[in-house]
Structures are given as C-alpha cells and as structure tokens.
Amino acid sequence: MLRIEKINKKIGKFTLNNIDFTVDKGDYFVLIGESGAGKSILLEVITGLLIPDSGKIFLNGKDQQNTPVQNRKIGIVYQKPTLFPHMSVFENISYPLKIKKLSKNEIIKQVNQLAEDTEISHLLIRNIANLSGGEAQRVTIARTLATKPDILLLDEPLSFLDVQLKRGMTSLLRKINQSGQTIIHVTHDYDEAVSLTNKIAIIENGTIIQTGTPQEVFQNPKSIFVANFIGIRNFFKGRLLKAKDQSESKVFEINGISIFVLSEEDENVLGNITITSESIIISEEKIESSAINNFFGTIKEIYETKLGFEVLVDIGIDISVQISRQSLDHLKLKINKEIWISFKASSVSFIKN
Amino acid sequence: MSRRFDILNLVFVFLGGLLLLFIIAPLFGMFLTTVPVSIFDTAKETEVQKSIWLTISTSIAATLIFSIAAIPLAYLLARKNFPLKKIVLGIINIPVIIPHSAAGIALLGVISRDSALGKIAESLGFSFVNSPAGIIVAMAFVSIPYLLNAAIDGFINVPEHLEKVALTLGASKARVFFTISLPLAWRNILTGLIMMWGRGLSEFGAVIIIAYHPMVTPVMIFERFNSFGLQYTKPVTVLFICICLAIFIVMNLISRRKRNAENRENK
C-alpha cells in the first residue's frame, strides 16, 4: 500500500500543493490531469528521483524519506521507451536481474517468463534499434516488472502509440494489474483512464481536486476540466438561489442569468451545474412547452462532431447544443443567427461544492 | 541563384584546397627530400629507438593515468550545476591557450626538487625533473583539455532519463555510471583519449623544460637540428611522423569500426 501524505514540492514557478492520497494493494489508480498539471513531477517524487520540500511517502507502512531511489520498490515506465541503446532486448530485461546477482540460469528463466507475460518472446534476440514504438514499450514494461516492484508507475505510457497498439497495450496493462500488480497510471486521456481504473484522482495546477471511483468522479465533476473530459460542455460555477416568482423552485445564477434547477439543496449554496447538450432544443421563435428555461441568443460557432453538429449559443454565457444535420439544414442555422433555446429544469443537474 | 552558388562553391573549394596544400606540402616536401636509406639507418640507431619508445609510452601513460580523474570531472561538469561552474569550465581550457614553454616553467615550480611535491617524490625514490614521470606530467598538462572537452560532450549527450530509469531498476549510482553513462559516452571519450594522446605525443615546449633527458623524440629533433642542421634532422623527423601517423590511422580505424557497429545497432 502506498500512502502519500501532504507532499509539497516547488520547482521554479510550479508547485505541488498538499498532495494526499492512498493507493491500496492491487489498485489500478489513475491520475488524470492536463499536461503541466504536475503529474510527472509527482511520479518522480514517488520514485525518489525528486525530494519533496515537505510531506511523507509511506510504502507498506514504511517511511520512504531516507530510502534511496534504487532501494524503493517502485518501477517507472515513461511516455517514451527508455531502453538502453547499447544493450539488446534480452540484456535490457536482464539488467535489474543482474543487479540482484541471480544465477545465469535463473536470469534466463525469469527473462523468458517476463517476455512471455508481455508477449515479446520473439523479440529477445533483437537489437533495440529495430523495435517499433509498441514493441519497445512492452520491453520497457517487461524490464520494469523484472524488479518485482510494489508499485508500477506509468507516465502516459500509451500516448505515443496508435489506436491499434493502444488497444493491445491496454489489455496487457489490465492483465498485469489482474495478476496483482498495483499500478499508478498518469494520463490526460479520459478514454484511456476509464477503461482500466478502479480509482481516479484529478490533478489540476499541482493540486489534487477530486478522488474517487470513476463513477463518483465523473457523475459529480468538480471542475470544468473534469466535465470537459467526459464530454460535458455546459459546466458552470455559480450559486443556487430561491426563484423570484415561484416559491418552490430554485434558480442557479451565473453572471446574472438565472437557470431553473430541480434540486433539494439549500438556497445560497455555491456549486456547479451541468446541462447535457443533447437535451437543449433550438427554435426560431419562443415556444410554449414544459421546458421552463427559455433564452434568446446568438449563434457564435458551429462545428461538426462525430454525431452531428455542436452549436455554441451566446445567451450571456456560452451554451453548447448538440443537434443533427437535418435540424441544422431545416432551421438554416448559421453563425450570428438569432434563435431561442429551451431546456427543462430536470435536465440541469446541480452539484454542491 | 544556382550560378551564384556555384561560384561561391568554387571559391570555397579553392580556399579549402590552398589550406590543405599548406598542411600537406611541407610534410610531403620533407618526405621527398629524405633518402629512404637514411631513414632505415636512423631507425636502427638505439638512441632513436629508445627515444621513440619513450615518447609513445609516456604519452600513453599520461593519457591513461590522467583519464582516471578527467573522466569523473567531465561527468560532474556535464551533469551538475554548481556555483562557479563557468569558471571551472574556463580553467580546464587554460592549458590550450598559454604558451607551452610557460606551462613547463609553471609546472617546474610545482614539481622541482625544492617543491613539496618534489620532496615527496624524492622520499619515494624518484624525481619528476629529467625523468619519465616529469615527461608524463608535462604531456598531461598540455593535453588534458582535449579529453575533458570530448568527455563532457559525450556525457551531455547521454539522455538523463536513462540514468534515472537505471536507478529505479535498482542500480546504485556507481553502477549507473559504469553500465549506462560511461558506455553511452564512450565514443566521445575514445575520441578524446586519442586526441589527448596525440597531443601529448607531439609535446615539445613543456617537456623540454621539465626533462631535457631522457630525450623524447620532439626534443631529439630539436637537438639534432641545433647541433647538426636540417639535413641530418630529416630522417628522424620523417620516421617519427610515419610512426605517429600509422598509430593514429590504426586508432581511428578501430574507433570508427566500433562506431559503425554501434550505428548498425541504432538504426
């Protein structure tokens, strides 16, 4: 088990702030954040390559402060393969085994086993230079596993691979995790994260802003970053208030715009709302319907998406609406056209801060 | 445009050719005006044989002995940042820019029999002045920058993340140095060793001040020229140049072959 306690680290203008989390044995822990959020620095702090300014790291209950890098049982696989260019595939994988002073036979046995596990047996006699990116990454993983690490750290290990290779590598990582290996995987890619993990932490500007199961985190996104990750375009911070006209309803105020929300939360609470872009209707005239949120606005941008079009409407705030090609053609939507949008209070969800 | 470039190209080829001629012509002229028989006769002289052997062995010793400290220093300068690093980088190039006779004089002050170092040597039963030990010190002083600079370049080119990864794989810092940093910087270091050795081999100014005897070949050439004149000096000069060139070519071939082997690996 890895316990990270209140780690602070300042490098130039960048700071890791009070990083605190626990990874249990067998976890597939994913740390998500944009580039520059501090993910890689955090990994280097965990390995011991960087010394934190304050805070503690416990591995299996033992404080790692005075444990040098080479004695921490933490392996790391970087974004780009880090194979030693002056050694063959076999020599690379056996590098950590030689350090352990294993017998020659034992080394051969273990390398073969690792190669089999990572599906690279056919590459053992090859030179590093002849490997493809995906092959090199597998060899790197095999070499790291040879140290039998307590924790395997992966720093964006899939980002240089094409889709096909990514799939293969993802299933390899899942297999490694299922064999009992604890993994901390750092990424900026939501798809990559969600298919593997059982625990997620979101890091932004050197601070962990949310942790939990993927479901917990993605159902209650605490920041625009998380919301954007899962495809929620309409994410706003604001305050929940009592509606002026109807005593029962509540409105959410953002920049002077009031949106009706169904929520049992108390008034005057700060929080965020999300509005799914599929649930918003565009019309040329104001329509009478059960939707009580009706706004007049101007089309700011139109982009094509996988499923149709995304229309960005300025109603004082930018609201993203997902529509089909038929609707776009039918309503002759174009930039600067003035239109109405409407959505039900029930399609707005409020998340308390 | 392309015509102008062609003219420029021609000018460059002409200027470059003149320069090459400047290097080759004196050597070639000397070879042509020296009778082969006299070279063979010179080669048979024990005095000459001893001198050439002394020059080669002391220059190899200087290179090997001083590389033990030069390579670690190069590593520190390539990897670590510390106050006054720029000054240290300047210091290591001082031997290149000062006159070598001046270097000899300065060294003599440190290693002469009256100096502390000289006294220690004396108590151990040897002396730097007029001895192979002194020759080695003089050669090393003037040639060490070549190794240092090449090795610094070599270590800078070793990706730091490979060293970090090796640490996480359980290697101690010493092991990382010997199994990762040193092998990956080896090409540059080897070139540096050859350059240092070549520079030491040809050193005259610093050596003559510290050790006129035993006589290294550059000093012998000077002595014969002073005592007997140009014609008598040519055979030993030609012989020494031939031996130096031969060793140089062989060393370069060896290092190039190694390089090719490595390149094949990296493709």
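These figures come from a predicted structure and were not determined experimentally.

J.: Quick question: what am I supposed to make of helix 4 (residues 133-145) of chain A here?
T.: Given 3.6 residues to a turn, an α-helix orients residues that are three or four positions apart in the same direction. Under the 1.5 Å per step criterion, the end-to-end length of helix 4 of chain A is 18 Å for 13 residues, consistent within 8% with the ideal 18 Å. When you tally the buried positions in helix 4 of chain A, you get 11 out of 13 residues, the bulk of the element. Residues Gly-134, Ala-136, Gln-137, Arg-138, Val-139, Thr-140, Ile-141, Ala-142, Arg-143, Thr-144 and Leu-145 of chain A constitute the buried set of helix 4 of chain A. Next to the buried residues of helix 4 of chain A lie strand 6 (74-77), helix 2 (89-99), helix 3 (104-117), strand 7 (151-155) and helix 5 (163-178) of chain A together with helix 9 (160-168) of chain B.

J.: Got a minute to help me understand the interface of chain B and chain A in this structure?
T.: Reports often express the size of an interface as the amount of accessible area lost when the parts come together. On the side of chain A, 24 residues touch chain B, which itself brings 21 residues to the contact. Summing both sides of the interface, chain B and chain A together bury roughly 2000 Å²; the carbon and sulfur share of this comes to 64%. The interface formed by chain B and chain A contains one salt bridge. Among the salt bridges present, the one from Lys-164 of chain B reaches Glu-44 of chain A, with a minimum N-O distance of 3.1 Å. Counting across the interface, chain B meets chain A through three residue pairs in polar contact (both at pLDDT 80 or more). Secondary-structure elements contributing two or more residues to the side of chain B that touches chain A are helix 9, helix 10 (173-201) and helix 13 (230-266) of chain B. The residue inventory of the side of chain B that touches chain A, partitioned by class, reads 10 nonpolar, six polar and five charged.

J.: Sorry, what's going on with unusual backbone geometry here?
T.: Residues apart from glycine generally show negative phi values, whereas peptide bonds are mostly found in trans. The peptide bond linking His-213 of chain B to Pro-214 of chain B adopts the cis configuration, its omega dihedral lying at -10 degrees. Residue position: Pro-214 of chain B is located in the loop between helix 11 (205-210) and helix 12 (217-228). The phi torsion at Lys-6 of chain A lies on the positive side, around 50 degrees, for a residue other than glycine. One non-glycine residue, Glu-156 of chain A, lies in the positive phi region at around 45 degrees.

J.: In this structure, what is going on with the sheet that holds strand 5 (residues 62-63) of chain A? I would like to understand it.
T.: Working definition: the strands of a sheet are paired by backbone hydrogen bonds and lie parallel or antiparallel to each other. All names here are of chain A. Reading across the sheet, the four strands line up as 2-1-4-5 and stay open at both edges, with antiparallel pairing between neighbours. One side of each edge strand has no neighbouring strand; the edge strands of this open sheet are strand 2 (14-23) and strand 5. Bridging between strand 1 (residues 2-11) and strand 4 (residues 54-59) involves five bridges; their strand directions are antiparallel. Bridging from a neighbouring strand, Glu-5 pairs with Lys-56 of strand 4.

J.: What is the right way to read helix 6 (residues 100-111) of chain B from this model?
T.: Residues and elements named next belong to chain B. Here helix 6 spans 16 Å end to end across 12 residues, near enough to the 16 Å set by a 1.5 Å rise per residue. Among the residues making up helix 6, those that are buried are His-100, Ala-103, Gly-104, Leu-107 and Ile-111. Projection of helix 6 onto a plane perpendicular to its axis shows the buried side chains occupying an angular sector of 100 degrees, all on one side. Seen from the buried face of helix 6, the exposed residues on the opposite side, beyond 90 degrees, are Ile-105 and Gly-109. Those residues of helix 6 that are buried are in contact with helix 5 (94-97), helix 7 (116-123), helix 8 (132-157), helix 10 and helix 11.

J.: I keep staring at the domain arrangement of chain A and nothing clicks. Help me out?
T.: Residue and element names in this part refer to chain A. Along its sequence, chain A is carved into domain 1 (2-229) and domain 2 (234-352). Measuring from the centre of the C-alpha atoms in domain 1 to the corresponding centre in domain 2 gives 41 Å. At the boundary of domain 1 with domain 2, total buried surface from both sides reaches about 430 Å², with 71% on carbon and sulfur atoms. When the buried surface of domain 1 facing domain 2 is broken down by residue, Pro-221, Lys-222 and Ile-224 rank first, second and third, together holding 64% of it. Counting across the domain 1 and domain 2 interface gives zero salt bridges. Summed over the shared surface of domain 1 and domain 2, the result is zero residue pairs in polar contact (both at pLDDT 80 or more). Among the residues forming the side of domain 1 that touches domain 2, the class breakdown is three nonpolar, three polar and one charged.

Quick notes on the rules
- Residues numbered from 1 in each chain as written.
- Chains lettered and ligands numbered in written order.
- Predicted model: local features only at pLDDT ≥ 70, side-chain atom pairs only at ≥ 80, totals over all residues.
- Heavy atoms only, no water.
- Helix = DSSP H or I, 4+ residues; strand = E, 2+ residues; numbered from the N terminus.
- Expected span 1.5 Å × (residues − 1).
- Buried < 20%, exposed > 50% of the residue type's maximum accessible area, 1.4 Å probe, protein only.
- Contact = heavy atoms within 4.5 Å.
- Buried area = accessible area lost by both parts, 1.4 Å probe.
- Salt bridge = Lys/Arg side-chain N within 4 Å of Asp/Glu carboxyl O.
- Polar contact = N/O pair within 3.5 Å; in protein donor to acceptor, adjacent residues only side chain to side chain.
- Nonpolar A, V, L, I, M, F, W, Y, C, P; charged D, E, K, R; others polar.
- Pairing = 2+ DSSP bridges.
- Arc of directions from axis to C-beta.
- Domains from an automatic or database assignment.

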